[in-house]
Every structure is written in C-alpha cells, then in structure tokens.
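Examining the three-dimensional arrangement
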Amino acid sequence: MTHGMRTDAYTSHPGGGGDWRDHATQYALLPLRIFLGVTFIYAGLDKLTDSAFMKDAGAGSVGDMMRTVRDSSAIPALVDLALKSPAGFGYAIALGELAVGIGTLLGLLTRLAALGGALISLSLWLTVSWASDPYYYGNDLPYMFCWVPLVLAGAPLWSLDALIRNRRRRKAY
C-alpha cells in the first residue's frame, strides 16, 4: 500500500467558518487554563488556611520544610533567603499562587499570571522538589512547563483579556 500526499490540506477559516479542528484549536488551552487556575487557587487557599504551615517552626511549617530541603536544593541561597522570614515567604507564595490562579481562571492579564505561575513553579522546583529522584516524581517541573503555552498564547477565548481586547477593537472603529 502506498501513501500519497494528502489533498485535503487543513486550513483555518477566520470568522467561525471552520470544521471541528478549527474549534478544537481555538479551545485547546482552555482545559489547561482551568486546571492550572483551579489548582493554584486551591494551593494558595490551602496554605492560607493551614495554621501549621504559616509558622517559622513546628510540624508542617514552611520553616521546617525549608530547613529540610536546604542542603538538597539546587540553590541553597534561595532557601536561605526564604528562611530569613519563613512565615513571610509562606504568605508570599500563598498569595502569589492565589493571584496567579485567579488571573489564569478569569483570563485577566493571563500572560503575566502565567509568567508568575512559571516563576513560582521554577522556584519550588529549584528548592523543594529538586532532590526528587527520579526527577519526574517532583511535580513542580511539569507545572513550570504547563505554564509556557499560556505565557506564549495568553487566553484568547472565554477570558476578560479577550473581552477587553474586543471592546478596544470596537472603539477603534
């Protein structure tokens, strides 16, 4: 059996006239956006409502966690910086996760929120999950790469960014 060249080449049809592939392409990032947004909102709220986490020391505290990973992290100086004020670092991470999650879920300043999510994930990978062996047992590295498509593409549909962009276009005409 020979395989020839396809003659039904795929082309995008602006203005909504396309087939299912056009629609799937348009909505491809939506599940990722929802997953990352909900996950980061949950992570932020989980930290903010955990009384043990926001302490400098003690079981389950951010301080003890940072002291535990200090010597196995890729950048111990980053952990040392966090250890200057463990509770402050815990609040910064929790509020950052919350802001990133809300921005991503609503599609508001999506590229900026995604960049924040990537930076949070990168910092956690270089500190907390760096020693995971094999590396793919740590979840921060995959999260970091999940943010990249949203940094590059933003939230073109079902987002406040798209709503604002469309209003600006209408006013320009």
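A short tour of the structure in this document, coming up. Here the structure is a predicted model, which is why all the values come from computation and not from measurement.

So, on to the side chain of Asp-140. Among the structural elements, Asp-140 can be located in helix 7 (residues 140-153). Buried and unpaired, Asp-140 has Lys-47 as its nearest opposite-charge partner, separated by 8.1 Å. Ignoring any residue separated from it by four or fewer positions in sequence, one finds Asp-140 in contact with Ser-121, Leu-124, Trp-125 and Ser-129.

Looking now at the pattern of salt bridges. Using the criterion set out here, one finds five salt bridges in the structure. Arg-21 serves as the salt-bridge partner of Asp-19, at 2.9 Å between the closest nitrogen and oxygen. On the basis of relative accessible area, Asp-19 is assigned to the partly exposed category, the value being 28%. Relative accessible area serves as the criterion here: at 28%, Arg-21 is assigned to the partly exposed category. As a salt-bridge pair, Asp-64 and Arg-67 come within 3.0 Å of each other at their nearest N and O atoms. Placement of the pair is Asp-64 and Arg-67 together in helix 3 (residues 62-69), with a separation of three residues, close to one helical turn.

Taken as a whole and assessed by the stated rule, the structure comprises six aromatic pairs. Relative to Trp-158, the ring of Tyr-27 has its centre 5.8 Å away and its plane inclined at 75 degrees; by these criteria the two rings are edge-to-face. Taken together, the residues span a long stretch of sequence, with Tyr-27 in the loop between helix 1 (20-26) and helix 2 (30-49) and Trp-158 in the loop between helix 7 and helix 8 (160-172) at a distance of 131 residues. By relative accessible area, which is 32% here, Tyr-27 ends up partly exposed. On the accessibility criterion, Trp-158 (63% relative accessible area) is exposed. An aromatic cluster of three or more residues is present, and its members are Phe-35, Phe-40, Tyr-143 and Trp-147. The ring of Phe-53 carries Lys-47 above its face, with NZ or CZ at 5.9 Å from the centroid.

With that out of the way, let us pick up the nonpolar core. Membership of the largest hydrophobic core is limited to 11 residues, which are Leu-36, Phe-40, Ile-93, Val-100, Ala-114, Ala-118, Ile-120, Leu-124, Tyr-143, Trp-147 and Leu-150. Those elements giving two or more residues to this core turn out to be helix 2, helix 5 (86-106), helix 6 (110-127) and helix 7. Element by element, the count of residues in this core is highest for helix 6, at four residues. When sequence neighbours within four positions are dropped, the list of residues in contact with Phe-40 reads Glu-97, Leu-98, Val-100, Gly-101, Gly-117, Ile-120, Ser-121, Tyr-143 and Trp-147.

Thresholds applied
Residues numbered from 1 in each chain as written. Predicted model: local features only at pLDDT ≥ 70, side-chain atom pairs only at ≥ 80, totals over all residues. Heavy atoms only, no water. Helix = DSSP H or I, 4+ residues; strand = E, 2+ residues; numbered from the N terminus. Buried < 20%, exposed > 50% of the residue type's maximum accessible area, 1.4 Å probe, protein only. Lys, Arg positive; Asp, Glu negative; His and termini not counted. Salt bridge = Lys/Arg side-chain N within 4 Å of Asp/Glu carboxyl O. Contact = heavy atoms within 4.5 Å. Phe/Tyr/Trp six-rings, centres within 6.5 Å; stacked < 30°, edge-to-face > 60°. Lys NZ or Arg CZ within 6 Å of the ring centre and 35° of its normal. Core = buried A, V, L, I, M, F, W, Y, C linked by side-chain atoms within 4.5 Å.

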